Amino acid sequence: MRIKILRFSDGKKFYKEYEVPNLRTVLEALIYIRENIDPTLAFNYSCRSGICGACAVKIDDNARLACKTGLRDGMKIEPIDGFKIVKDLIIDDDEFFDIYRKIGLYTEINDKKSIDREIKRKINVFDRCILCLICVSSCNVCREYCFEGFLSPAIIARAYRLFLDERNVFREKILESIKNGVDACRFYYACTRNCPRGVAPSKAIKEFKSILKNPKPL
Amino acid sequence: MKVLIIGGGIAGLRASIEASKKAEVTLVSRIHPLRSGSSMAQGGINASKDWKTHAEDTIVGGRFLSDQDAVKIMCKNALSSVKELERWGVIFSEEKRKFAGLREKITYFVDDRTGSSIIHALYNQALKRGVKILSNIFILDLAVDGKRCYGAVGLDMKNGEIKVFPANATIIASGGFGRIYKTTTNADINTGYLTYIAYKSGAELKDMEFVQFHPTSLKDLGILITETVRTEGAYIINSLSKRFVDEKMPRDVVSREIFREILSGREVFLDVRHLSLKNFPEIRRICRDFAKIDPKKELIPIEPAQHYSIGGIRTDTLCRTNIEGLYAVGECSCLNVHGANRLGGNSLTECLVFGRIAGEAACNEAPTDIDYSTLEEKRDKTINKIENIFEKNERNSFKIRKKLQEVMFRNVGIIRNENDLKKALKDIKLLKEEQRYSGAHRGLKFNFELLNVIELEGMLNLAEIIVLSALKRKESRGVHYREDFPEEKDSMLKHLIFENRGERHRIKEEDVKITMVEL
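Not measured: the values here are computed from a predicted model. (Residues numbered from 1 in each chain as written. Chains lettered and ligands numbered in written order. Predicted model: local features only at pLDDT ≥ 70, side-chain atom pairs only at ≥ 80, totals over all residues. Heavy atoms only, no water.)

Draft legend 1. Inspection of the overall build of chain B at higher detail. The helix and strand inventory of chain B stands at 13 helices and 20 strands. In terms of overall dimensions, chain B is globule-like: its C-alpha atoms have a radius of gyration of 22 Å, near the 24 Å expected for 519 residues. Along the longest, intermediate and shortest principal axes, the C-alpha atoms of chain B span 65 × 50 × 50 Å. Once local pairs closer than 6 in sequence are excluded, the contacts in chain B between residues at least 24 apart make up 73%. Of the side-chain charges in chain B, 83 are positive and 73 negative, and the distance between the mean point of each set is 2 Å. (Helix = DSSP H or I, 4+ residues; strand = E, 2+ residues; numbered from the N terminus. Rg over C-alpha atoms; globule rule 2.2 N^0.38 Å. Contact = heavy atoms within 4.5 Å. Lys, Arg positive; Asp, Glu negative; His and termini not counted. Charge placed at Lys NZ, Arg CZ, Asp CG, Glu CD.)

Dropping the structure here:
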């Protein structure tokens, strides 16, 4: 099989084709190339099982986890969009996690309060997010606003997971810190469509928008 | 007071939260903390009000090799660790489950992605408390000057710079060394490099022969299928559709029986078709995405895979190593709570309970002045070492690693004997010789060939220690099974401790601390 990879180092960008054996996944192909053909190829991975979120890349124009994407002849592999490239398929996520930190997604549970079973179920779904950044890279609005006006589907989905818990003493603070960062969403739903974990960031954005429009006392 | 934490998994993050109460904390991680091996923990975390039963099960499951003072501390503090996670937002399932070897259902879980849920909560807590988290830092050496540690030297892979990280106290929380083996459930980053560096710097290693294999990983993939599906009723069957082992036995027993079945030419499957799988959405996802099967309708092809490094950097119950200012916690360390066989659900408990203890103990370290000259000296040495690697011509490091992984799986795996071990030792020595000529292309930015050459040195040396320790233990106990000595021997109720003496290893024996359950 032949696959094409976008390479980037020392300011030079170019596509390079590689011949690889019939392997199961894109990640296996990348590992094969690094260990047998070209040791300079840079990409990240860790768990190989779709739970750590380290191996997000763009495969034939869609952001995917390399570990769980089947390999096909003629595939084109590139770094995910929306981030500075450090080297080859590795992007710089420092800015993203810096904003994540500054937003202050805190939790402190007041255990005297109880939690509704239905809410628990909702939290469980949003808790599956692994911050692999596929939604961020798939989002047109993110690319335009570069996190400045729009906090990104990932941060909003994580914020929503913590906000949903009515026992969280930081609920109000979370709402306060995201309130100017959700409005820009134009609901292309690329985040929800591409999420490898079945999370729906667009739903979190919709709910936050409606809460912010009709503020009820928490 | 500066505390440096190396590793961003559950143990490292928990330690950072505690240390941040009193010290300025920097946590360095070779990959973003959320991508750590801990994120892969599925089944859950053990904790019980009836801590004595938990402790007894741990000791019996570990075939009496656990240091019981450490077990007591772990089990007594387990429930408060779980409560603390709940305060930080982790929502455990209402019911509890259990792992093999536990008499009661004392395992708290979040579906079958407990580690992922916990690590996100801890990461948020660490950020809240102002822990400085630096990703993409590969620690190359510890700044140890004879007796004391003053921090570390690391490669910033993003910027391609070699930096010093000064500290009054340094905590290693870098995980296990599963990648020494061909088939492993461990993340790619778990090569044990810091365990080797600690040893080289003078820290002792303990119980290195105890390498745990998980009975049920997806065949050819080394992806974990949690043991709790078995305690919930899953069957293990062979290609003749026959059950051949009591599925509820501990990991060591089940792994051996499956391995024997595979050696005799039959395939082995996990059968979960009759279970609801309500609490196992990840298992369904893993089977669908990676094995392309529906576990509700089809059998899951499995094989045992290396899973957990029981041995590691020797510490006391305050997580102190024998080097002043140097601590170790989590899978890289060896207290030893798990004895000769770790029970499922106890590793998260260990990481959280002792993560807190390590963070606190490190802060109580008398803040001696940091000797910056030691750090600078180490940095210069490291730069020279890397320059040397660039000068070498051979480009065979990935091949050597693969050979090592095969040798270890074949000859130092689930069933061992003197001949195989001696053969492995010979092979490792040859590979070490080959590795001396291994080089890498130039460049410090995300140069994975360079990383592999560096890590390979550690992997080969740890492999040698594992084999020497396995040769020395002429008995079978827990995960260490010698077919030439198939019985447990009371006279071997001892830990084996390795101490680095330049080119030689000094091996000491130490009695197991028995304070609770007699043999």
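Moving on from the coordinates now.
Draft legend 2. Focus on the overall build of chain A. Each helix and strand counted, chain A has 9 helices and 7 strands in total. Considering only C-alpha atoms, chain A reaches an extent of 60 × 35 × 25 Å along its principal axes. A total of 218 residues make up chain A; the buried ones form 57% of that total. Taking all contacts inside chain A whose residues are at least 6 apart in sequence as the whole, residues at least 24 apart take part in 62%. (Buried < 20%, exposed > 50% of the residue type's maximum accessible area, 1.4 Å probe, protein only.)

Draft legend 3. Quick look at the sheet that holds strand E14 (residues 268-271) of chain B. Overall, antiparallel pairing links the 5 strands, which are arranged E12-E11-E15-E14-E13 (chain B) in an open sheet. If you trace the sheet from one side to the other, it starts and ends with strand E12 (223-224) and strand E13 (235-238) of chain B, each paired once. (Pairing = 2+ DSSP bridges.)

Draft legend 4. Main features of the interface of chain A and chain B. With 54 residues of chain A at the interface, the matching set in chain B holds 50 residues. Counting the surface lost from both chain A and chain B, the interface buries some 4,600 Å², and carbon and sulfur atoms represent 48% of this. Together, Glu35, Arg48 and Ile51 of chain A form the three largest contributors to the area buried by chain A at its contact with chain B, with a combined 14%. The tally of links from chain A across to chain B stands at 11 salt bridges. For the pair chain A and chain B, the interface holds 28 residue pairs in polar contact (both at pLDDT 80 or more). Going through the elements one at a time, helix H1 (26-37), strand E6 (85-87), helix H2 (94-103), helix H3 (117-126) and helix H6 (153-164) of chain A are the ones with two or more residues in the side of chain A that touches chain B. Looking at the side of chain A that touches chain B residue by residue, the classes come out as 25 nonpolar, 8 polar and 21 charged. (Buried area = accessible area lost by both parts, 1.4 Å probe. Salt bridge = Lys/Arg side-chain N within 4 Å of Asp/Glu carboxyl O. Polar contact = N/O pair within 3.5 Å; in protein donor to acceptor, adjacent residues only side chain to side chain. Nonpolar A, V, L, I, M, F, W, Y, C, P; charged D, E, K, R; others polar.)

Draft legend 5. Molecular detail of empty space enclosed by the protein. Residue and element names in this part refer to chain A. What the rule picks out here adds up to 10 cavities of 30 Å³ or more. Estimates place the volume of the second largest cavity at around 300 Å³. Lining the second largest cavity we find 24 residues, and of these Asn44, Ala54, Ile90, Ile91 and Asp93 sit closest to its centre. Looking at the lining of the second largest cavity, the elements with two or more residues in it are strand E3 (56-59) and strand E7 (90-91). Partitioning the lining of the second largest cavity into residue classes produces 14 nonpolar, 5 polar and 5 charged. (1 Å grid on protein atoms, 1.4 Å probe; cavity = no way out; pocket = protein on both sides within 12 Å on 5 of 7 lines; lining within 4 Å. Points joined across faces, edges and corners; volume = space filled by probe spheres on them.)

Draft legend 6. Spatial organisation of the environment of Val211 of chain B. Within the secondary structure, Val211 of chain B sits in strand E11 (residues 211-218). Apart from residues no more than four positions distant in its own chain, Val211 of chain B is found in contact with Phe177, Tyr181, Gln306, Tyr308, Arg416, Ile466 and Val479 of chain B.

Draft legend 7. Structural detail: the packing of H6 of chain A against helix H9 (residues 201-213) of chain A. Residue and element names in this part refer to chain A. Put simply, H6 and H9 touch, their axes get as near as 8 Å, and they point 65° apart. Considering how the two elements wind past one another, H6 and H9 form a crossing that is left-handed. Residue-level inspection shows Pro153, Ile156, Ala157, Ala159, Tyr160 and Phe163 of H6 in contact with H9, the latter providing Pro201, Ala204, Ile205, Glu207, Phe208 and Ile211. A class-by-class count of the residues in the contact of H6 with H9 yields 11 nonpolar, no polar and 1 charged. (Axes fitted to C-alpha atoms, helices over the stretch in contact; angles between N-to-C directions. Left-handed = near helix turned anticlockwise from the far one by under 90°.)

Draft legend 8. Highlighting the side chain of Thr184 of chain B. For Thr184 of chain B, the location among the structural elements is in the loop between strand E9 (169-172) and helix H5 (193-200). For Thr184 of chain B, a relative accessible area of 2% puts it in the buried group. Within the structure, Thr184 of chain B has its side chain in polar contact with the backbone nitrogen of Asn186 of chain B (distance 2.9 Å). The contact partners of Thr184 of chain B, leaving out residues within four places of it in the chain, are Arg48 of chain A together with Gly178, Arg179, Gly222, Ala305 and Gln306 of chain B.

Draft legend 9. Region of interest: the pattern of salt bridges. By the definition in use, this model includes 79 salt bridges over all chains. Note that Glu257 of chain B is salt-bridged to Arg260 of chain B, the shortest N-O span being 3.0 Å. Of this pair, Glu257 of chain B and Arg260 of chain B both sit in helix H7 (residues 251-263), 3 residues apart, which is roughly one turn of that helix. The exposure class assigned to Glu257 of chain B is partly exposed, which follows from its relative accessible area of 26%. Taking the relative accessible area as the measure of exposure, Arg260 of chain B reaches 33% and is therefore partly exposed. Each of Lys68 and Arg197 of chain A together with Glu282, Arg285, Arg288 and Asp289 of chain B takes part in one network of salt bridges that share partners.

Draft legend 10. Geometry of the confidence of the model for chain B. Averaged over every residue, the pLDDT of chain B is 96; residues scoring 70 or more account for 100%. In the predicted assembly, ipTM is 0.97 and pTM is 0.97. (pLDDT = per-residue confidence, 0-100.)

Draft legend 11. Spotlight on unusual backbone geometry. Residue and element names in this part refer to chain B. Residues Leu335 and Asn336 are joined by a peptide bond in cis, for which omega reads 0°. Inspection of the secondary structure assignment puts Asn336 in the loop between strand E18 (333-334) and helix H9 (346-363). We note that Asp207 has phi near 55°; this positive angle belongs to a residue other than glycine. Examined against the element boundaries, Asp207 turns out to sit in the loop between strand E10 (205-206) and E11.

Draft legend 12. Main features of the packing of helix H11 (residues 397-411) of chain B against helix H12 (residues 418-435) of chain B. Residues and elements named next belong to chain B. H12 packs onto H11 with a crossing angle of 170° between their chain directions and a minimal axis gap of 10 Å. Comparing the axis directions of H11 and H12 gives the class roughly antiparallel. Taken together, the residues of H12 that come into contact with H11 (itself represented by Ile400, Lys403, Leu404, Val407, Met408, Arg410 and Asn411) are Asp420, Leu421, Lys423, Ala424, Asp427, Ile428, Leu431, Glu434 and Gln435. When grouped by side-chain class, the residues that make up the contact of H11 with H12 number 8 nonpolar, 2 polar and 6 charged. (Parallel < 35°, antiparallel > 145°, perpendicular 65-115°, else oblique.)

Draft legend 13. The sheet that holds strand E1 (residues 2-9) of chain A, seen in detail. All names here are of chain A. The sheet built from 5 strands is open, its strands ordered E2-E1-E5-E3-E4 with mixed pairing. Two strands close off the open sheet at either side, each with one partner strand: strand E2 (12-19) and strand E4 (62-65). The sheet shows a mean angle of 35° between the axes of neighbouring strands, direction not considered.

Draft legend 14. Region of interest: the pairing of strand E8 (residues 161-166) of chain B. Residue and element names in this part refer to chain B. Two strands pair when backbone bridges link them, and strand E7 (residues 148-156) and E8 are joined in this way by 6 bridges, in the antiparallel orientation. Pairing of Leu155 across the sheet is with Ile162, part of E8. Between E7 and E8, which follow one another and run antiparallel, lie 4 residues, and Gly160 among them has a positive phi close to 70°.

Draft legend 15. Representation of the pairing of strand E2 (residues 24-28) of chain B. Residues and elements named next belong to chain B. Burial analysis of E2 places 4 of its 5 residues in the buried class, the great majority of the element. As paired strands, strand E1 (residues 2-6) and E2 are joined by 5 bridges and run parallel to one another. Following the sheet pairing, Ile5 is matched in E2 by Leu27. Of the crossover connections in this fold, the one passing from E1 over helix H1 (residues 10-19) to the parallel E2 is right-handed. Looking at chain direction, E2 and strand E5 (residues 132-134) are connected through 3 bridges and run parallel. When the bridges of E5 are listed, Val28 appears paired with Leu134. (Right-handed = clockwise from strand over helix to strand, strands pointing away.)

Draft legend 16. Layout of H9 of chain B. The terminal C-alpha atoms of H9 of chain B lie 26 Å apart, and with 18 residues this matches the ideal 26 Å at 1.5 Å per residue to within 8%. The buried fraction of H9 of chain B amounts to 16 of the 18 residues, a majority that puts the element mostly inside the structure. (Expected span 1.5 Å × (residues − 1).)

Draft legend 17. Summary view of helix H7 (residues 171-178) of chain A. Residues and elements named next belong to chain A. Those residues of H7 that sit buried are Arg171, Ile174, Leu175 and Ile178. Down the axis of H7, the buried set is contained in an arc of 100°. They therefore lie on one face. In this structure, the buried side of H7 is in contact with H2, H6 and H9. (Arc of directions from axis to C-beta.)

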